[in-house]
Amino acid sequence: MSVDSLTRGARDAFESYAEPEQRPPFRPYAALAAVFNAGFAGALLAAKRKGRLPERVTAEDLLLIGTASHKLSRLIAKDKVTTFVRAPFTEYQGRGGPAEVEERSRGGEVRGAIGELLVCPYCLGLWASGAFHVGLLFAPRATRVAASTLTALTMSDFLQIAYKAAEERGLGGS
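Residues numbered from 1 in each chain as written. Predicted model: local features only at pLDDT ≥ 70, side-chain atom pairs only at ≥ 80, totals over all residues. Heavy atoms only, no water.

J.: Please provide a residue-by-residue account of the pairing of strand β2 (residues 101–105), values included.
T.: Residues of β2 alternate between two faces, with V101, E103 and S105 buried on one and E102 and R104 left unburied on the opposite face. Bridge count for strand β1 (residues 90–95) against β2 is five bridges, and the pairing is antiparallel. Bridge pairing in β2 places R95 opposite V101. From the end of β1 to the start of β2, which pair antiparallel, there are five residues, and A99 there has a positive phi angle of about 60°. (Buried < 20%, exposed > 50% of the residue type's maximum accessible area, 1.4 Å probe, protein only. Helix = DSSP H or I, 4+ residues; strand = E, 2+ residues; numbered from the N terminus. Pairing = 2+ DSSP bridges.)

Below you can see the structure in the form of structure tokens.
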């Protein structure tokens, strides 16, 4: 089997994935994945070399980081006050959930791929979780304070939603 036939086979595999107008930007997506994985692997290697890699992650840290990652990814992807971060890569679509907006990515392949990442809280969740875990390795006290702030904000959000629902049912205060 020749290199040309392997290259042609690989190209055909990607081209047959979807029609051109529906095909995702594979190269920019691969580049973003490479950046994340190289950064995370580099941080883990550095932590191991410095003797900072723990034997295990505690359940408390897992709950803290999981909740904080959820909130940070939603703040970046959906919050009204963070539109300035997304605006160069996205286009406003309308109102979203409480204090949130809906947007879609715009621009060419690279700009559009960054836009897709920035409007997807699920996609950003991995980046946030990775960053918090790296923070636990190199600055655990500051990371726990930042993560606990976002975790408390998540709790506050749920209480606000529950309070509003109670008010709408005639069960709230004023």
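Back to the text.
J.: For the packing of helix α3 (residues 59–78) against helix α7 (residues 140–168), give the residues involved together with the corresponding values.
T.: Look at α3 against α7: their axes get within 8 Å of each other, and the N-to-C directions meet at 70°. Considering their axes alone, α3 and α7 lie roughly perpendicular with respect to each other. As for the relative orientation of α3 and α7, their crossing is left-handed in sense. Seen from α3, the contacting residues are D61, L64, I65, T67, A68, H70, K71, L72 and L75; seen from α7, they are T143, R144, A147, S148, L150, T151, L153, T154 and D157. Among the residues making up the contact of α3 with α7, the classes are represented as eight nonpolar, six polar and four charged. (Axes fitted to C-alpha atoms, helices over the stretch in contact; angles between N-to-C directions. Parallel < 35°, antiparallel > 145°, perpendicular 65-115°, else oblique. Left-handed = near helix turned anticlockwise from the far one by under 90°. Contact = heavy atoms within 4.5 Å. Nonpolar A, V, L, I, M, F, W, Y, C, P; charged D, E, K, R; others polar.)

J.: Now, about the packing of aromatic side chains: what can you tell me, with residues and values included?
T.: Counted according to the given criterion, the structure contains four aromatic pairs. Ring geometry for Y17 and F26: centres 5.5 Å apart, planes at 80°, overall edge-to-face. By relative accessible area, which is 57% here, Y17 ends up exposed. An aromatic cluster is built from F14, Y17 and F26, whose rings are joined through pairwise contacts. (Phe/Tyr/Trp six-rings, centres within 6.5 Å; stacked < 30°, edge-to-face > 60°.)

J.: Tell me about the packing of helix α2 (residues 26–49) against helix α5 (residues 109–118), residues and numbers included.
T.: Orientation of α2 relative to α5, taken along the N-to-C sense of each, is 55°, at an axis distance of 8 Å. As judged from the angle between their axes, α2 and α5 are oblique. Helix-helix and strand crossings are classified by hand; for α2 and α5 the assignment is right-handed. The segment α2 lies against α5, with P28, Y29 and L32 engaging E109, V110, A113, I114, E116 and L117. Counted by class, the contact of α2 with α5 contains seven nonpolar, no polar and two charged residues.

J.: Residues and numbers for the pattern of salt bridges, please.
T.: Applying the stated rule across the entire model yields six salt bridges. Between R74 and E100 there is a salt bridge, with the nearest N and O atoms lying 2.8 Å from each other. Note that R74 is positioned in helix α3 and E100 in the loop between β1 and β2, a separation of 26 residues in sequence. On the basis of relative accessibility, which here comes to 24%, the residue R74 falls in the partly exposed class. One salt bridge in this structure joins E102 and K78, with 3.0 Å as the shortest N-O distance. (Salt bridge = Lys/Arg side-chain N within 4 Å of Asp/Glu carboxyl O.)

J.: Let's hear about the nonpolar core: which residues, and what values?
T.: Listed in full, the eight residues of the largest apolar core are L64, I65, A68, L75, F132, L136, A147 and L150. Breaking this core down by element, the ones donating at least two residues are α3, α6 (121–138) and α7. Ranked by residues supplied to this core, first place goes to α3 with four residues. Dropping the residues within four chain positions of it, L150 is found in contact with A68, K71, L72, L75 and F132. (Core = buried A, V, L, I, M, F, W, Y, C linked by side-chain atoms within 4.5 Å.)

J.: An account of α7 is needed here, citing residue identities and associated values.
T.: Note that an α-helix has 3.6 residues per turn; residues three or four places apart therefore point the same way. Helix length check: α7 (29 residues) gives 42 Å between terminal C-alpha atoms against 42 Å at 1.5 Å per residue, within 8%. Inspection of α7 places T143, A147, L150, T151 and T154 among the buried residues, and these make up the whole buried set. In this structure, the buried residues of α7 make contact with α3 and α6. After α7 finishes, the residue G170 shows a positive phi value of roughly 80°. (Expected span 1.5 Å × (residues − 1).)

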